[in-house]
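# What the coordinates show
Residue strings, one per chain:
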Amino acid sequence: MINYQIIIEYLGSKYVGWQYQKNGVSIQSLVEKALSKILKSKVRINGSGRTDAGVHATEQSANFYSEKKILNKFQFLNSVNFFLKDTDISIIDLKKKKKNFHARHSVKKKIYKYIIMNRETHSPIFKKRSWQIKKKLNFPQMKKGIKFFLGTHNFSAMRASSCTAKSPIRTITKAHIIKKKNCIIFIFQSKSFLQKQVRSMVGCLKYVGEDKWKPEKIRFVINSKKRNLCAPPAPPDGLYLDCLLYTSDAADEGLGVDLGGRRII
């Protein structure tokens, strides 16, 4: 069996999220269906983690095992994306990995990005791809507030009631905020996040930007461990799984690509 990693890009607006659910179409189900058609056998993939309904990804990662060797990477990508052409999903890369590589268990760091469009008029370009806030936000105060998320904390106040994580303790290793014209971009890095944690953190920063909270209120809310004291979570539209960093012991083995061949597998 050969272990392959795929990198997946998608807009999540039309889907119930990454993982299989009974109430609608998931990204995982569509990707598995396309892979199964190409490889002519049932394929199950392991994702790096769940993304909720409406959340996007520029670099979701998954791995799967195949008895068939993929000889031509580019032909394979073109073929599998043919079966995804009517979706908002694309497989953008394929890598052969060591047997011990697992898309979720081998993750060292995850980076999420959140985009706020801060202007009075709506953006057709960023519709359902950002959170539009018409009121001008206090960027310097938000810049102060984001620093309170850094480090190891109990994030019980910022986890969804449906979150199944065993521990609410998480370590945020990077927390940045950038302003580009009318866009305010938040970047958070951690080994893992709780369900709705990033959206809750952005919701708190929005309150700071509206001058409803002082930046220090974020520290108080974290220490309280009480969900009812947290600001409402930001909508999923502006959230992106942006980048994944993996442990060195799960390195690539290299993909033997036969550029002159015509066979996909």
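Everything discussed here concerns the structure shown above.
The sections below set out a description of the structure shown in this document.

### A word on unusual backbone geometry
Among all residues save glycine, negative phi is the norm, and among peptide bonds the norm is trans. In this structure, K40 takes a positive phi of about 60° despite not being glycine. Tracing the backbone shows K40 in the loop between α1 (27–39) and β2 (46–47). Relative accessible area serves as the criterion here: at 65%, K40 is assigned to the exposed category. The backbone phi angle of K225 is positive, close to 60°, even though this residue is not glycine. Within the secondary structure, K225 is located in the loop between α5 (217–224) and β10 (239–246).

### A few points about the layout of surface pockets
Estimated volume of the largest pocket: approximately 1100 Å³. Taken together, 38 residues line the largest pocket, and the ones lying closest to its centre are G49, R50, R104, K110 and F193. Looking at the lining of the largest pocket residue by residue, the classes come out as 14 nonpolar, 16 polar and eight charged.

### Re the pattern of salt bridges
Considering all chains together, one arrives at eight salt bridges under this definition. Here D93 ties to K73 by a salt bridge, and the two come within 2.7 Å at their closest N and O atoms. Placement of the pair is D93 in strand β4 (residues 89–97) and K73 in helix α2 (residues 73–82), with a sequence separation of 20 residues. When sorted by exposure, D93 lands in the same class as K73, which is buried. For K212, the salt bridge identified is with E210, shortest N-O distance 3.4 Å. According to the relative accessible area criterion, E210 is buried, its value standing at 12%. One connected set of salt bridges, linked through shared partners, spans K206, E210 and K212.

### Things to note about the packing of α1 against α2
Direction vectors running N to C along α1 and α2 enclose 125°, while the axes themselves pass 9 Å from each other. Regarding the angle of α1 to α2, the classification is oblique. As for how α1 packs across α2, the hand of that crossing is right-handed. For the pair formed by α1 and α2, the contact residues are A34, L35, I38 and L39 on the first element and F76, S79 and V80 on the second. Partitioning the contact of α1 with α2 into residue classes produces six nonpolar, one polar and no charged.

### Looking at the pairing of β10
Within β10, six of the eight residues are buried, which leaves it mostly tucked inside the rest of the structure. Direction of pairing for strand β3 (residues 56–66) relative to β10: parallel, over a ladder of two bridges. Within β10, the residue paired with A57 across the bridge is L241. Strand direction decides the pairing type here: strand β5 (residues 107–117) and β10, joined by seven bridges, are antiparallel. If you follow V107 over to β10, its bridge partner there is Y246.

### Quick notes on the nonpolar core
Across soluble globular proteins, you tend to see nonpolar side chains buried next to one another. Formed by 71 residues in total, the largest nonpolar core has its most connected members in F64, F76, F149, M158, F186 and F188. Beyond its immediate stretch of four places on either side in the chain, M158 contacts F149, Q195, K196, Q197, S200, M201, C204, V221, I222, R227 and C230. Counting five residues, the second largest nonpolar core, distinct from the first, contains I115, M117, C183 and Y240.

Here is what the cut-offs are and how they apply
- Residues numbered from 1 in each chain as written.
- Predicted model: local features only at pLDDT ≥ 70, side-chain atom pairs only at ≥ 80, totals over all residues.
- Heavy atoms only, no water.
- Helix = DSSP H or I, 4+ residues; strand = E, 2+ residues; numbered from the N terminus.
- Buried < 20%, exposed > 50% of the residue type's maximum accessible area, 1.4 Å probe, protein only.
- 1 Å grid on protein atoms, 1.4 Å probe; cavity = no way out; pocket = protein on both sides within 12 Å on 5 of 7 lines; lining within 4 Å.
- Points joined across faces, edges and corners; volume = space filled by probe spheres on them.
- Nonpolar A, V, L, I, M, F, W, Y, C, P; charged D, E, K, R; others polar.
- Salt bridge = Lys/Arg side-chain N within 4 Å of Asp/Glu carboxyl O.
- Axes fitted to C-alpha atoms, helices over the stretch in contact; angles between N-to-C directions.
- Parallel < 35°, antiparallel > 145°, perpendicular 65-115°, else oblique.
- Left-handed = near helix turned anticlockwise from the far one by under 90°.
- Contact = heavy atoms within 4.5 Å.
- Pairing = 2+ DSSP bridges.
- Core = buried A, V, L, I, M, F, W, Y, C linked by side-chain atoms within 4.5 Å.

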